[in-house]
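# Descriptive structure summary
The lines below spell out each chain.
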Protein chains: 2
Amino acid sequence: MTGAEERAGGGTAGLPGPTAVLPGLSDEQVRALRRVGRAWGRVSSPPEVWHRALPVEPDLGAFPARAEAGSAWFGRLVPLSPLRARSLSGRRAVEPAAGAGSGAEAGAGAVPADAGTAGAGAGGTVRRLLLGAPLASSAFVTERMRKLVALPVLSADALSSVAYGPEAMITVLVLAGAAGLAYSFPVAAVIVFLMLAVGVSYRQTIRAYPHGGGSYIVAGENLGPTAGLVAAAGLMTDYVLTVAVSIASGVAAITSALPGLVPWTVPLGVLVVVVLLAGNLRGIRQAGALFAAPTYAFVIAMFALIGAGLVDAAETGFRPVAPPALPVTETVGLLLITRAFSSGATAMTGIEAISNAVPAFRPVEWRNARTTLSWMVGLLIAMFAGIVVLIHLTGVVPHSQETVLSQLAHLSFGGGWMYVYIQAATAAVLLLAANTAYNDFPRVLSLLARDDYAPKTFLRLGDRLAYSRSIVLLSLAAALVYIAFEGRTDALIPLYAVGVFLAFTLSQSGMVVHWWRRRDPHWRKSLVFNAVGAVLSGLVLLTAGVSKFTSGAWVALIAVLLFLLVTTRIRSHYTAARAYLRLRPHAVELPARTGAGPLAPATPAGGPPARREAKKAKEAEEAEVIPGEIHHLSVVAVATLDLAGMRTLAYAASLGQPALAVHISTTEDEQRRFRAYWSLWGDHLPLQTVLSPYRAVVAPLVHYIETLHRLNPELTLTVILPEIVTRHRRHQFLHSRTAARLRRALRHLPKIVITTVPFHLP
Amino acid sequence: MTGAEERAGGGTAGLPGPTAVLPGLSDEQVRALRRVGRAWGRVSSPPEVWHRALPVEPDLGAFPARAEAGSAWFGRLVPLSPLRARSLSGRRAVEPAAGAGSGAEAGAGAVPADAGTAGAGAGGTVRRLLLGAPLASSAFVTERMRKLVALPVLSADALSSVAYGPEAMITVLVLAGAAGLAYSFPVAAVIVFLMLAVGVSYRQTIRAYPHGGGSYIVAGENLGPTAGLVAAAGLMTDYVLTVAVSIASGVAAITSALPGLVPWTVPLGVLVVVVLLAGNLRGIRQAGALFAAPTYAFVIAMFALIGAGLVDAAETGFRPVAPPALPVTETVGLLLITRAFSSGATAMTGIEAISNAVPAFRPVEWRNARTTLSWMVGLLIAMFAGIVVLIHLTGVVPHSQETVLSQLAHLSFGGGWMYVYIQAATAAVLLLAANTAYNDFPRVLSLLARDDYAPKTFLRLGDRLAYSRSIVLLSLAAALVYIAFEGRTDALIPLYAVGVFLAFTLSQSGMVVHWWRRRDPHWRKSLVFNAVGAVLSGLVLLTAGVSKFTSGAWVALIAVLLFLLVTTRIRSHYTAARAYLRLRPHAVELPARTGAGPLAPATPAGGPPARREAKKAKEAEEAEVIPGEIHHLSVVAVATLDLAGMRTLAYAASLGQPALAVHISTTEDEQRRFRAYWSLWGDHLPLQTVLSPYRAVVAPLVHYIETLHRLNPELTLTVILPEIVTRHRRHQFLHSRTAARLRRALRHLPKIVITTVPFHLP
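All residue numbers refer to positions counted from 1 along the written sequence of the respective chain. For naming, the first written chain is A and the first written ligand is 1, with later ones following in the order written. Given that the model is predicted, a residue must reach a pLDDT of at least 70 before its local features are reported, and side-chain atom pairs must reach 80 or more before they are shown or counted; all residues, however, enter totals for whole chains, interfaces and linings. Water and hydrogen atoms were dropped before computing side-chain values, which therefore reflect all heavy atoms in the structure.

## Observations concerning the pairing of strand S1 (residues 631–637) of chain B
Residue and element names in this part refer to chain B. How we decide: Three labels apply to residues, based on accessible area from a 1.4 Å probe with only protein chains included: buried if under 20% of the type maximum, exposed if over 50%, partly exposed otherwise in between. Elements are defined by DSSP. Helices are runs of H or I of four residues or more, strands are runs of E of two residues or more, and each kind is numbered from the N terminus. A pair of strands counts as paired when DSSP detects no fewer than two bridges linking them.
In terms of burial, S1 is largely enclosed, as 7 of its 7 residues are buried. On S1, burial covers both faces: His631, Leu633, Val635 and Ala637 on one face and His632, Ser634 and Val636 on the other are all buried. Both S1 and strand S4 (residues 715–725) contribute to a ladder of 6 bridges, which runs parallel. Paired with valine 636 across the two strands is isoleucine 720, which belongs to S4. Where S1 and strand S2 (residues 659–665) come together, 4 bridges link them in parallel fashion. Counted as the bridge partner of alanine 637 is valine 662 from S2.

## Notes on the packing of helix H10 (residues 225–257) of chain B against helix H21 (residues 549–581) of chain B
Residue and element names in this part refer to chain B. Inclusion rule: Where helices are involved, their axes are fitted lines through C-alpha atoms of the stretch in contact, as for all axes, and angles between N-to-C directions lie from 0 to 180°. The cut-offs work like this: below 35 degrees is roughly parallel, past 145 is roughly antiparallel, 65 to 115 is roughly perpendicular, and the gaps in between are oblique. A crossing counts as left-handed when the near helix is turned anticlockwise from the far one by less than a right angle, and as right-handed when that turn is clockwise. Whether two residues are in contact is decided by their heavy atoms: any pair within 4.5 Å suffices.
Interhelical geometry of H10 versus H21 gives an angle of 125° and a closest axis separation of 9 Å. By the angle between their axes, H10 is oblique relative to H21. The handedness of the crossing between H10 and H21 comes out as right-handed. Touching Leu229, Val230, Ala232, Ala233, Gly234, Met236 and Thr237 of H10 are Ala556, Ala559, Val560, Phe563, Leu564, Thr567 and Thr568, all from H21.

## Let's talk about the packing of aromatic side chains
Just so we agree on the cut-off: Centres within 6.5 Å make a pair out of two Phe, Tyr or Trp rings, where for Trp the six-membered ring is used; the pair is then stacked when the planes are under 30 degrees apart, edge-to-face when over 60, and tilted otherwise. By the criterion adopted, a ring carries a charge over it if an Arg CZ or a Lys NZ lies within 6 Å of its centre and within 35 degrees of its normal.
Following the criterion strictly, the structure yields 14 aromatic pairs over all chains and no others. Taken together, a centroid distance of 5.8 Å and an interplanar angle of 55° make the contact between Phe759(A) and Tyr580(B) tilted. Remark: Tyr580(B) occurs in helix H21 and Phe759(A) occurs in strand S5 (residues 752–760); the pair is interchain, linking two chains. Measuring from ring centre to ring centre gives 5.2 Å for Phe501(B) and Phe504(B), while their planes differ by 75°; the resulting arrangement is edge-to-face. Of this pair, Phe501(B) and Phe504(B) both sit in helix H19 (residues 489–518), 3 residues apart, which is roughly one turn of the helix. On the accessibility criterion, Phe504(B) (1% relative accessible area) is buried. Ring pairs connect the aromatic residues Tyr202(A), Phe501(A) and Phe504(A), which therefore count as one cluster. When the ring centre of Tyr574(A) is taken as origin, the NZ or CZ atom of Lys456(A), which lies over that ring, is 5.3 Å away.

## Let's talk about helix H19 (residues 468–484) of chain A
All names here are of chain A. To be explicit about the condition: Expected span, for any helix, means 1.5 Å times one less than how many residues it has. Working note: the arc is built from the helix axis to C-beta atom directions.
The first and last C-alpha atoms of H19 sit 24 Å apart over 17 residues, in line with the 24 Å expected at 1.5 Å per residue. Taken together, the buried positions of H19 are occupied by Ser470, Ile471, Leu474, Ser475, Ala478, Ala479 and Tyr482. Within H19, the buried residues cover an arc of 160° as seen down the axis, which keeps them to one side. Looking at H19, the residues exposed on the side facing more than 90 degrees away from the buried face are Leu476, Leu480 and Ala484.

## Points about the sheet that holds strand S2 (residues 659–665) of chain A
The strand order across the open sheet formed by 10 strands is S3(A)-S2(A)-S1(A)-S4(A)-S5(A)-S5(B)-S4(B)-S1(B)-S2(B)-S3(B), and the pairing between neighbours is mixed. The open sheet has two edge strands with one neighbour each: strand S3 (687–691) of chain A together with strand S3 (687–691) of chain B. The average angle at which neighbouring strand axes cross in this sheet is 25°, direction not considered. Here helix H25 (residues 668–681) of chain A sits on the sheet and contacts S2 and S3 of chain A; the angle it forms with S3(A), its principal contact strand, is near 170°. Across the sheet, helix H28 (residues 738–746) of chain A is in contact with strand S1 (631–637), strand S4 (715–725) and S5 of chain A; its angle to S4(A) comes to roughly 155°.

This is the structure we're talking about:
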């Protein structure tokens, strides 16, 4: 990540800080800035003289330094002051300081606590009720989790995977009947070993990357930016699918208990996405407190289920019940076994969540994260193995209307309250497992944005210190996938493994390179652990990609490729844009000024004609950074000589720069008439009328301005347009939209500044 | 229509001219303009001194005075020169005059012949191929029709009505079986009398209103504006339904011949709307030439059908064939008869078209229009009566799969070429009858717009001299109605009569008042004719409204009421806006200037504090029309000190007005850093940094500016924003949208001018 830290703007490597949106200047840029400043000082008078004395006191006070959020529910509501123009007319006047000379108090008093942009007033109130009061940037660091909260929040994904992982494995094996089911123990054993290996591997990562070592960072730093990007692609598809699969499986747990809800599968899932969206927009800590209970409830439920099952089995001497005779459609072979393996391996998804989120732990972060990871892997292996054993003992097989867990619970507890508790806990943990993705998706996306691979807007922290836009994006993508696959877990599973194990493999290969380069104490042991993890993950990736290619993995592959394409193109755009926006030294090489006194800085086209011609080429660029380089011409587009038109003319004239009025006539009569009005008025500004025989207004005006620019590339043309603004938007269509259309048409012409003089109808 | 003519801008009463969009000033406004000009002269130096010598020669030549459209198909294509910014980079340079002092030639040469706005390049070429070359405004008057062209164009609606009118009448009567059908002659006789009466009545209107006496004008002038508006409401619903009913009936003629097309009824109808849309955007004369043939073909077809039928009947001694025994669901009664009557009266729709379109005739317009009307009524009565007689003789009854005309043609000609010809001609005339509405709808709408009842945009003639926007609106509305009623003629008929006869009744009542007031020679005769027409139309209106209320007339009534509501609200908005936009005399009462020399007109907040306070209240309004009244403060919103930011600062400084930079910081670190950069640069402009602890940018900036305005209402704040413009629109989302959002947020604040300084990425 060369250069990334410089631009991180106050954040850590794992998590860009609030100021990453506005990165600092490089040394070269600072030098250029100084030179520009000196040149500005040379061509103009000192600041005190240069800009006339300001007619105002610019300091209007500051925003309140801290959010006045109480701890009670309604205490969260900071009073809102609406920002709309409507508030100006009457009612809300500036009471204390309006008459006084200084407006400092008034400004501070009226500053809105709601800094959101979506809309103040009623909408803002609803927003606050749902999301809580805004959080100040200074609260950023304190939003940390302790282990007992972090465990459920960050491991909900991994632990809940046992609700679908074993079932997915058995679903494949059962295709070969009893012969296939005989392989359930060996395949499960390999998966357990894999869990252990990957878990140990990620412990190394947490130690080496205490600031958060997501696959993107680890792969990027050690294997190169492209590998990092591929890992990020894997992660992003993974997160979207985590949300979709978890919700699908959670809804299945509900419909297993309440079959009447089966037709509502899709709406139920979308509802869950909406709840997750709202919950996550509130921010991390709230999410943690809210989401801790279900995970613990699920762990208790699973151990109760496994315990009860084992007690039952002990009564019959652990003699497995034979599974029902099922149609055998496939024979046992390598392909079947590998498919079962890669399906079962989805139980490992989410195991990396903790290593991504190390900075969200309380200090000492890496130590707490590592302990939490060990707890999680232990719980995961115990629950996974227990469920597989239980399936073997009871002879339960997958069923399209009821999940395996539901069948097991029915066997052990009948339909009583324990069954209800198990289903409810499973549903809750699965629905909330999706939350892990909500913690990580925005982090990865903000890192990508910091490194120019994603739009900078994803760097922007919302007023609740959550990456609001990423959260919305994830919700949309997940809802789309969920709806497209009609919420069927078995259809989503094949897409899932590819992204997960792509990220796993690259991350752990990166760690191998890391240890090899660093050679810290004990580097050999760590390297071996990571190498084992990398090889195993790579094998799963290969297995999943090949054996499930036709049944859905191709979708994930295409998503990854598209992601790579889009991110690299975004980066190349940003790189070009940054190079172009850099302050350039040439701007300083302005010749010593010839012309009027210090109070007339904008002498039009200063200097003799020869030099003027030479400067033309250079000045056709938009690179003037010194007032003396700018030669003005204001062009006022005037249609009627009403109050709005006259006010615009007066505005243009009062700027004290050369100005010109242009009028488009559709007939010669109208042209004559307008000229007559102009001389009646007194001919105070030069007027150019253009006859547009085809009655268009925008095109001839744009063409006139374009030609003016081409003939005088050294001029900066300020096009001044009157615009009538109606009080209600529904009335706006009753007025000419010429100003808006002109603005759009002129937007792409170089060196043309567009000024709108609004005229507000009451 | 008091005051309407003044604002008509060069057009006739029947048809606003091309300049109606820009109406002239009233005497009072001209006086105000003069006074403002004198005040401007008093406070500023004479024009020569006041605005510095222009750095350019503003005259860049004119648009070509005439369209270079040839008569050949491809000759219509005027070469296009694209107007986009892209054209500037390379290829199209300004060859001859770029170096010379005057750019007149260059400007004229590069002026695009295509003045359309929708998009030049490929889109423009397609547009030209479909619609023809643009027509100059001077061609407006010459777009006239001679009688033999006007007859088919304007009477297609009326004549084609016989395709559904008789059938609609019989459809109702047959509900009472043979007893009901016995009333077909009496009802038809009343309708024929009505046709005659209304026809004679409209002859009077044409004579009295040689500039086009549509129901809107006649009712408005004689019965008051509200009556005119009600008549317009009737007309507008009528035109929309004319299109829908004609197309439905025309498609039925096609599906009668080709029953396989029945499932395609709706798409076929929509296709016809699209064809009509394109045809009419080309303009009137082309439409006339294109649409003359089908009407004549239809007239010939009908007379052939009636003739053949009568010959057949003569062979059997004119003994009517008994109609098939049908289930009798109703008894003969007043309600049944009136319903049959009002259904049959739809055969009269379109009879008013000629009187609306008098100015489209060649001179002497009224005489030609009158003659054409007589021809049309004669043809209409002959065809209507013939068809009714034929139905009686053959005993044909309506059938859901086949139209009555198709059945009659089958009886007379079997399935041979004559049958095909009759069906084709019927379909063609019906599909083109809709075209009458395309001639009239835009006219009425432009009159409404002229009188402030409709958005002014409907006054705008497209570059083919057609009211493009009205044509598009009509097409949309008709397509919507057609789709909503699934193209079923019988479902649309009940909606139809209300609008038509509402307009008829008001128009003819208006004529009665007209004659009564004027007392021209022969006024008594004319008055009687019109009174008879008015009473009969009123009876039909009443009959249709009452007897068909539940079966669809209520929809038409609601449409009329909605229309009245919307148009009156539009007018009240325009009235208020015009009053507010009027130049006000108070602007002149500026005190004699105190302050600097004539070259510094924009002295900030001139005058001693006391007077300044007094002026504050007045100047808080947006009513400054004299440069000296405007006190500037430029506020530059600057986020980063890159090329775009520095250029914006230089622009603001070079204006020579007091300027101030505002920066929004999200953290205190960032704030300190930015201030440090600012002093490195040299502190050339006053800087205000605002700390936004909730990370919003737009809201604090808007609030700052709003507070600044409230504390200094006498200042005109120019908010200057840098805006990065990408070459491709798809890249725009990668850059901050702050400028656009700020512009939207600031738009509603008073006295705030918004200037965007675009910076174009290559």
